[in-house]
Every structure is written in C-alpha cells, then in structure tokens.
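Structural overview
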Amino acid sequence: MSDTQTMIENRPPTVAALFLERVAATPDAEAYRYPVPAAAGQGPDDWKSLSWGQAADRVFAIAAGLVDLGVRPEERVALASNTRVEWILADLGVMCAGAATTTVYPSTNAEESAYILADSASRVLIAEDAAQLAKAREHRTSLPELAHVVVVEAADAVPAEGDPEGWVLSLADLEARGKEYLAKQPAAVKERISAITADQLATLIYTSGTTGRPKGVRLPHDNWSYMAKATVATGMIGADDVQYLWLPLAHVFGKVLTSGQIEVGHVTAVDGRIDKIIENLPVVQPTYMAAVPRIFEKVYNGVAAKAKAGGGAKYKIFQWAAGVAREYAKVSQDNFRRTGRASVPFGLSAKHKIADTLVYSKLREAFGGRLRAAVSGSAGLAPEIGFFFSGAGIHILEGYGLTESSAASFVNPGEAYRTGTVGKPLPGTEVRIADDGEILLRGPGIMEGYHGLPEKTAEVLESDGWLHTGDIGELSADGYLRITDRKKDLIKTSGGKYVAPAEVEGRFKAICPYVSNIVVHGADRNFCSALIALDGPAILGWAAENGLEGKSYAEVAAAPETNRLIETYIQTLNEGLQRWQTIKKFRLLPRDLDVEHGDLTPSLKLKRPVVEREFKHLIEEMYEGSREA
C-alpha cells in the first residue's frame, strides 16, 4: 500500500479530530488573517491574525455555547453570512459540538431562507448582521424549531418586540456562555468530538440549483476528513502556502479549502468582499487561491479593455502578447506531456521574454507577485483564457466536482496540468463514463443522499455507490477528464444535430473582451442564436471612446454601434465552428445577468431556464419568420 493510500485509509472520522491534531502540533503558528475595515476615508484596512491556539479557544467557546443552548449531536445550526473569519470559527464550533452546519447564502431572499431553515429543522441560526436577522424574524412564526439567532455583528443583535426571551444574542454572548460552561465542564467539547462517528451528519448544503426548490445535500463527517487528506495528497498545497480565501463559504468549494488547510496547517487570509479582491491581492500576496471562471474572465476582459483604451499600438502589443502566451502554454504543456519537460523552441522563448516584460509581469504583480497556482472550479473555464493565463505565468488548475461529491473529485496535478481538462481523480475516487457519455463517480466523497428526499436520491445515487453527475465528459488514456457539457443542457437542433452550448459560449468569452455572459439557444430550432450580456465597466469604457459617453448600460446595449461591435466578434467565433454550431442571430440584453435577478446561482453558474424565460420575447423575435423543421 502506498503512503498516499495509507494516509487516506487511516483518516480520522472527523475534521474536528483533525483540528485537535493541528492545534496540538502547531498551537503558536499563524492560522488565519482577517481584515478590520478602516473607517471611510481613513486609509487601508488593518489585517489581524489568529494562531491555531487562539482559533481553538474561540472554536471551543462557540461549541460549548451551542451545547449550553441545548444543541444535540446532528441537530442543525444554520450559518447565513458572507465569507469572514467568524464563518470558519462558527462552522468548526458547530462540528466540534457534534452538530451539523446548514449553509445559507447571505444573498438568499427571506422566503427561501425560511424554506431552508424549516426543511433542515435548524435549531440555531448564526446570522451575520441585522439584515440576516430580519429575514429570520420575518418568518419566525413558521419556524418553531428555531430556538435562537446568534448575530455576528454585536451591535446588530438587538431584540425586537415580539421576540421570545433570549431568542437573539450576539456571537460574543455565545462565546461568553461557552467559556462559563467550560469552566464548569472543561472536557465537554473534547468529549463531544470523541463521540462523533464518521457517518454522522456534518454539513447540510442546499444546492442553489438551476430549477425548482433547493435540495439539501447530506454530507457526513467522513466526507470532509477524506477531502482534507485527499486534497493534500495531490501535492496541491503545502505548509508554507498562503491562501487567499474569498469564495462564498456557503458553497461546497469553500468548505473543501478550509478542510485541506486544517490538514496541512498553512495560513489562510479570509475576506469575502468581492470588491476588495484587487486591493487585497498585493497585501495578502497569496501563493495560491481558488476562484470561479467568471473572475478570470473579468480580469482578462479588464486587461484587454485597458489595452484597447490605451490606443491602437498598446492593443496590438496586448494581442501579440496574448497570442504568444497561448502558443507558449500549448507547446510547453504538449512537450511536458510527451517528454516530462515543459520546453519550448528558442524563438518562442525569446518572444515570450519580451512579452513577459511588456505584459505578463504586470499581470502577475496584480495577483500579488507570489501566486504559484490558482484553482478554478464550479463551472468550465474557456480553454483559450486558461492558455492565456498559463502562458503569462499564472497557472490555473481546473478541478471538478459537485455538491453531491463534496466538491473536489478531480483536480489538475500541479506541473502536469492540462488546460481544457479538469485533471485526474483524487486518490480514492473512482470514475467511469456511461454509454451516453455521462460521468459517474464513486468514493468516500459522495453524499449520503438528499435530505428527506429518498426518491430524488435514488434518481442519482445507485445502490452500489455510483453517483450520476448529469455531466458529459471524456477520459484520456492516462486519466485526464474533459467536461463537454451538462447532460440536460445539450441542444438538439431541429435538423438533428447536437450542440454543446457551454463549448460555444466558452469560445466566445475568449474572443470578445466585452462579454459578461452568453446564453446559446437552439433546442428544436433550425439554427442557433444567442442572448449576450455585456461586461459593464468594459463596454462603458468602450462607449466613452466611441461617441456614447454618458449613456447608461441599457442605452449603450441598445445602440446600433454596440451591436455592430459585437457582430464582428460573432463573425470571428463562427469562423471556428461547425456550420450547425454557428450563431446566426443574437440580441444584447438590457442589463447584465446577476445573482440578484436570479439569473445566476450564488456561485455564478448560469440558470439557463430562468434567463430563457425572462428574455423569451427576444428569443422569439430572433426566430420570427424562420422555417422550423
């Protein structure tokens, strides 16, 4: 048996046990960094640190406080908060109390939040602020199980008329209760941890879903213990790393990142404010970070738009450098695959050095200057954007998984990564491709099932443990997986041809620096069309230079000049597609797609049915008068 197999098979039953091991091994080492926001106009944020020992003091106080509130093993404690250090401490506190965390996105509306709290039978809600408290209060009478709301922001923990006695308390109050409890029963939390079994519920994550009510995915403690060991076994992270964590922790991807960190013990800088990412990167100087494709697309579009705004010469230099980056990445990756060395011809290397001085070095500095690798997941990254970053020295390791598989089932293996694939399965995870191309997974990361929905569970989880992912993919001879599309998203035109919309959409994002989102349509139609949402800053910057200064986003999107601009990129896209894949017509949307309107999930995945319903009139307009077969 290999060392990797031994490490995974001999894993402890819980991440809570791993946390105790980490604290005992490196109590004084830095665990977390977090910002203390400066007052408006008072300069940059002040960053503070917690050692593993200090983090444990707070985690144990939270755990003991929950026990004192009467929370029993496997009972649910909901967390509705943006990504911040208190989210991690609270989640660990819930686990160490033997309870189970129910995650709620802070952007979730009051009605759906109440549905999740009721369906999960959550006993306690840990709410970030007054806004999250208000959602629970609005539906309190329909939530008889909800005994307490703990508010992270102490100033917002204000009881209202009609609240039951003790229903609202602050996180500081909870920790104070926990410390008093531990003073009387010092072994209480460790006893809870030692009693947790591997199959005990640890996390209930509600899939935001692209249709219908969210389903609660039941993930036992063993899922996270396996993830902690398996992600470290890939060699992806080490003890000396500094992670910048901004992803929503209500998402399963964020949870994996916190588990792996506990196993290896590196520093994590935590700040979920998306508008602070650009400002934070040079301060944090991460060695690795995880993101979703939309972030890399925005960076790429921003760099391209800035170069274009700088005049024709600057834009030509950028386009040349982008071409060199892609060629360099493709050649070096191909050579590494064949020979084990990422070598390139001398001429290409010389061009790359010039482009590095002019373009790539500035891009790397914007990421903090020390970024060894970035992990991308949740949706597919357009390969041409991946090759661009790879050639520029920002190595994007794409991974793949579902909430139902604890997020990380595949990841690209470090130096041997291949852009356009999601890498190889984690140690201990099995994969096979069904006859219809669907990816099936089996292993220690697979969910127990959907909460209270045995019929839905049976639809995707076979009795022998194989999970039907709903994704279509291909495996290379040496085990690299390429996702080609969602099974249910494949388009069949009225002419009988299959089109993978994600492939066409990804190509367009790599070509057009002004696109934010694109939805390719064509099921049962005689040609493909597209709804296109523009990137606000990029298109308004172009508008200011092209006679449309001062116009709103909607006015710019409706302008004939903008339509002609985007049409040139559609023509370029079509040149590289099969005839039946080409976009014959398109419409520019009057606004960008976003989470607030329900077009995207909180992890920025596209909700196709929602978008197609809302903009049905534009779709019908494109097909007016067309002959249907």
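Throughout, residues of each chain are indexed from 1 in the direction in which the sequence is written. It should be noted that, the model being predicted, local features are given only for residues of pLDDT at least 70 and side-chain atom pairs only at 80 or more, the latter also being counted only at that level, while totals for whole chains, interfaces and linings use all residues. Note: side-chain values were computed over all heavy atoms of the structure, leaving out hydrogens and water.

**Some words on unusual backbone geometry**
- At Glu 74, a residue that is not glycine, the phi angle is positive and equals roughly 70°.
- Strands are runs of DSSP state E lasting at least two residues, helices are runs of H or I lasting at least four, and both sets are numbered from the N terminus onward. Among the structural elements, Glu 74 can be located in the loop between helix 3 (52–68) and strand 3 (76–80).

**A look at helix 5 (residues 110–120)**
- Remark: exposure states derive from per-residue accessible area (1.4 Å probe, protein chains only) relative to the maximum for the residue type, with buried under 20%, exposed over 50%, and partly exposed in between. Burial in helix 5 covers these residues: Ala 110, Ser 113, Ala 114, Ile 116, Leu 117 and Ser 120. With its buried residues spanning 160° around the axis, helix 5 presents them on a single face.
- Looking at the packing, one finds that the buried side of helix 5 touches strand 3, strand 4 (100–104), strand 5 (124–127), helix 6 (130–138) and strand 8 (201–206).
- Residues adjacent in sequence count toward polar contacts only when both atoms are side-chain atoms; beyond that, a polar contact is any pair of N or O atoms within 3.5 Å, and within protein one must be able to donate a hydrogen and the other to accept it. Where helix 5 begins, the side chain of Asn 109 points an oxygen toward the backbone nitrogen of Glu 111, at a separation of 3.3 Å.
- Of the residues trailing helix 5, Ala 121 is marked for its positive phi of about 55°. The arc in question is the one spanned by the directions pointing from the helix axis to the C-beta atoms. In what follows, a contact means two residues having at least one pair of non-hydrogen atoms within 4.5 Å.

**Topic: the packing of aromatic side chains**
- When the centres of two rings from Phe, Tyr and Trp lie within 6.5 Å, Trp using its six-membered ring, the rings pair. Their planes under 30 degrees apart give stacked, over 60 give edge-to-face, and anything left gives tilted. For the structure on display, the rule yields 12 aromatic pairs.
- Aromatic pair Phe 296 and Phe 389: ring centres 5.8 Å apart, planes at 65°, arrangement edge-to-face. Linking Phe 296 in helix 12 (residues 293–309) with Phe 389 in helix 15 (residues 383–391), this pair joins segments that are 93 residues apart in sequence. Take Phe 296 and Phe 389: they sit in the same class, and that class is buried.
- Put simply, the rings of Phe 296, Tyr 300, Tyr 315, Phe 318, Phe 367, Phe 388 and Phe 389 touch in pairs and so form one group of aromatic residues.

**Quick look at the domain arrangement of the chain**
- Segmenting the chain into domains produces domain 1 (3–258) and domain 2 (491–623).
- Those domain boundaries reflect an automatic or database domain assignment. Computed from C-alpha coordinates alone, the two centres of domain 1 and domain 2 are separated by 39 Å.

**Notes on the sheet that holds strand 17 (residues 430–433)**
- Note: two strands are recorded as paired if DSSP finds a minimum of 2 bridges between them. What the 4 strands build is an open sheet, ordered 17-18-20-21; its pairing is antiparallel. Taken across any chain shown, the strands that pair with only one partner, and hence form the sheet edges, are strand 17 and strand 21 (481–486). Averaged over neighbouring strand pairs, the angle between their axes works out to 50° when direction is ignored.
- In terms of strand pairing, strand 20 (residues 467–475) meets strand 21 through 5 bridges, oriented antiparallel. Counted as the bridge partner of Gly 473 is Ile 483 from strand 21. A fitted line through C-alpha atoms serves as each axis, taken over the contacting stretch for helices, and the angle formed by two N-to-C directions is quoted from 0 to 180°.

**Focus on the pattern of salt bridges**
- Definition used for salt bridges: Asp or Glu carboxyl oxygen within 4 Å of a side-chain nitrogen of Lys or Arg. Taken as a whole and assessed by the stated rule, the structure comprises 35 salt bridges.
- Arg 177 is the salt-bridge partner of Asp 68, the closest N and O atoms lying 3.1 Å from each other. Of this pair, Asp 68 sits in helix 3 while Arg 177 is found in helix 7 (residues 171–184), placing the two residues 109 residues apart along the sequence.
- Residue Asp 68 is classed as partly exposed on the basis of its relative accessible area, which comes to 33%.
- Where Arg 337 meets Asp 334, a salt bridge forms, and the shortest distance between an N and an O atom there is 3.1 Å. You can see Arg 337 and its partner Asp 334 sitting in helix 13 (residues 312–339), 3 residues apart, about one turn around the helix.
- In the salt-bridge network here, residues are joined through shared partners; they are Asp 45, Asp 271, Arg 273, Lys 276 and Glu 279.

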